[in-house]
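Chain by chain, the residues run as shown.
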2 protein chains.
Amino acid sequence: MTGTIGYLGPKGTFTKIAVDSMFNGEKKKSYQTIPECIDAVSNQEVKYAVLPLENAIEGTVNITLDYLIQTKNIKIVSEVIVPIRQHFMVHPSNVKTWEAVEGVYSHSHAIAQCHSFLRQKFPSLDSHSMKSTGAAAEYVSQHPERNIAAIANHLAAKEYDLSIVEKDIHDFDNNHTRFVVLHHNETSLSSTQLEERGQKTTLTISLPSDRPGALHQVLSAFAWRHLNLSKIESRPMKTGLGHYYFLIDIEQKMDDVLIPNAIAELESLGCTVDVLGSYPYYLYNGNGVTLAV
Amino acid sequence: MTGTIGYLGPKGTFTKIAVDSMFNGEKKKSYQTIPECIDAVSNQEVKYAVLPLENAIEGTVNITLDYLIQTKNIKIVSEVIVPIRQHFMVHPSNVKTWEAVEGVYSHSHAIAQCHSFLRQKFPSLDSHSMKSTGAAAEYVSQHPERNIAAIANHLAAKEYDLSIVEKDIHDFDNNHTRFVVLHHNETSLSSTQLEERGQKTTLTISLPSDRPGALHQVLSAFAWRHLNLSKIESRPMKTGLGHYYFLIDIEQKMDDVLIPNAIAELESLGCTVDVLGSYPYYLYNGNGVTLAV
């Protein structure tokens, strides 16, 4: 099983788009939960695991991070950013009557993210929340006798043979989901299918005490070395009350001097620093959509 | 309708715990999506709206923030922090046989967050993901003939008459969800039922250009004034590519000198600063649990 790729199921989701964009031909195994999938790569039941780190739909960032930080023997080795594009889709037998649909099915967050479209086009349409956008597409595919629609991505339309009748119906254009590839050692993984957008090093830094200006002091270690931070987020520690750690992305790969020196200085100030990975990142751009109308 | 409180439904969720802890006796109206609820308070169909800002289960932070930032005429006027405590519950007729349950129902994230408990106690139990923890509790309450369990909070147990047979089964103790109270003017709202934990001022700051050290410079404006930041998060702008804004919580209420001066200086450096609110925050601690076994 060492060549298998684990990922968070089910099919027809944005995670499946990410795993297919990175891996082509390998055996893939879906897991029902993030911790199960992290356990599998930690125990080497699978070689790599693909999981959402920031998910603009299902919001799983906390779970992946919580378990990743706990599991010391795995690293982030690659990243794929998938734009979140939501489409309005119906069963092929209902394409001609789609403007008279009597209900829409999707994940509640996807329904929320298509608020303007729904309000303008269907001001009084019943919406039904499902456990995932993929489950909504499956439901619509199984009920051709009902004139109903799903909001989901293009892969779900393909997977469940639905027809996209209106594309890109989401309110905000710049939503995306970050997927990380996890591995039991730190050798970064390059994609042969996607164009590299850059390199990142992800750190967690916890401060010795919560005092005004502590974060400012930590950032000085990066700023004067001209290490650009593309992300910073404070997050509560899972032990103790009122303490925070910081999740930081440095916009370059681990080097021999600058990043190790910054880390050594932070540690000498009493901070705890963990390197979650140093890896290339990619943008998936292949979600072309063909309208059925 | 001006006295009504809008909130993100359905019943039996953590949002309902938050709204009930802040408001007692007022008429309440549930909305199916976050944007609908924000529209309602913006249009003054409801007086206040209660929404999750950081939700450790359903992860809705992005949606609330995206629509809150867009809707200029409303402010955050109060905040309630609700610890996320998950319990294992069954129909009262199955209390004696709960250790032989043949399936567990919950939101997929709640199942993930109870990974250690499930793996140790029920290593081969089928788990079924539902659209919310409340929906899972409802399902279990409607199927007394099946020996199944739900993972949900104590309010769901009460709402659907289920018996809690194991309490606090979540992996991490320090998970919580932040709920904000929104209002169409900026007068902060004090709770008469909860103990105040402090005051916060929430800002969004966008930088004029993405260059190394820009964030460090911004934080200097707060650091030398000893304005303590309890949260900082970089988030992608919804317009343009690769640009970020920062969401910052200052651990004090808006004053006449320090915060306005910091904002004025940041604006003179070319930053755009918006005040999302200055408000008291509260911790909800009333989720006592009685075990049925």
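Quick notes on the rules
Residues numbered from 1 in each chain as written. Chains lettered and ligands numbered in written order. Predicted model: local features only at pLDDT ≥ 70, side-chain atom pairs only at ≥ 80, totals over all residues. Heavy atoms only, no water. Domains from an automatic or database assignment. Least-squares fit on C-alpha atoms with pLDDT ≥ 70 in both. Contact = heavy atoms within 4.5 Å. Buried area = accessible area lost by both parts, 1.4 Å probe. Salt bridge = Lys/Arg side-chain N within 4 Å of Asp/Glu carboxyl O. Polar contact = N/O pair within 3.5 Å; in protein donor to acceptor, adjacent residues only side chain to side chain. Helix = DSSP H or I, 4+ residues; strand = E, 2+ residues; numbered from the N terminus. Nonpolar A, V, L, I, M, F, W, Y, C, P; charged D, E, K, R; others polar. Pairing = 2+ DSSP bridges. Axes fitted to C-alpha atoms, helices over the stretch in contact; angles between N-to-C directions.

1. A short note on the domain arrangement of chain A
Annotation of chain A at the domain level lists domain 1 (5–83 + 176–283) and domain 2 (87–166). Each of domain 1 of chain A and domain 2 of chain A was reduced to a C-alpha centroid, and the two centroids are 33 Å apart.

2. Observations regarding the relation of the copies chain B and chain A
By a simple turn and slide, chain B fits onto chain A: the slide is 0.0 Å along the axis, the RMSD is 0.0 Å, and the turn is 180°. The transformation just described matches what one would write down for a two-fold rotation axis. By residue overlap, the copies meet face to face through one surface: 100% of the interface positions of chain B are interface positions in chain A.

3. Side note on the interface of chain B and chain A
At the junction of the two partners, chain B supplies 53 residues and chain A supplies 53 residues. Where chain B abuts chain A, roughly 4,500 Å² becomes buried across the two surfaces, and 55% of that area is made up of carbon and sulfur atoms. Applying the counting criterion to the chain B and chain A interface returns 2 salt bridges. Where Arg119(A) meets Asp39(B), a salt bridge forms, and the shortest distance between an N and an O atom there is 2.6 Å. In this assembly, chain B and chain A are joined by 15 residue pairs in polar contact (both at pLDDT 80 or more). For the side of chain B that touches chain A, the element with the most residues is strand S12 (residues 229–236) of chain B, which contributes 6 residues. Partitioned by chemical class, the residues of the side of chain B that touches chain A number 18 nonpolar, 23 polar and 12 charged.

4. Structural notes on the sheet that holds strand S8 (residues 149–152) of chain B
Residue and element names in this part refer to chain B. Across the sheet, which stays open at both edges, the 5 strands sit in the order S7-S6-S8-S5-S9 with mixed pairing between neighbours. Two strands lie at the open edges of the sheet, namely strand S7 (127–130) and strand S9 (163–166), each paired on one side alone. This sheet shows a mean twist of 35° between the axes of neighbouring strands, independent of strand direction. Here strand S5 (residues 87–90) runs beside S9; their pairing, made up of 3 bridges, is antiparallel.

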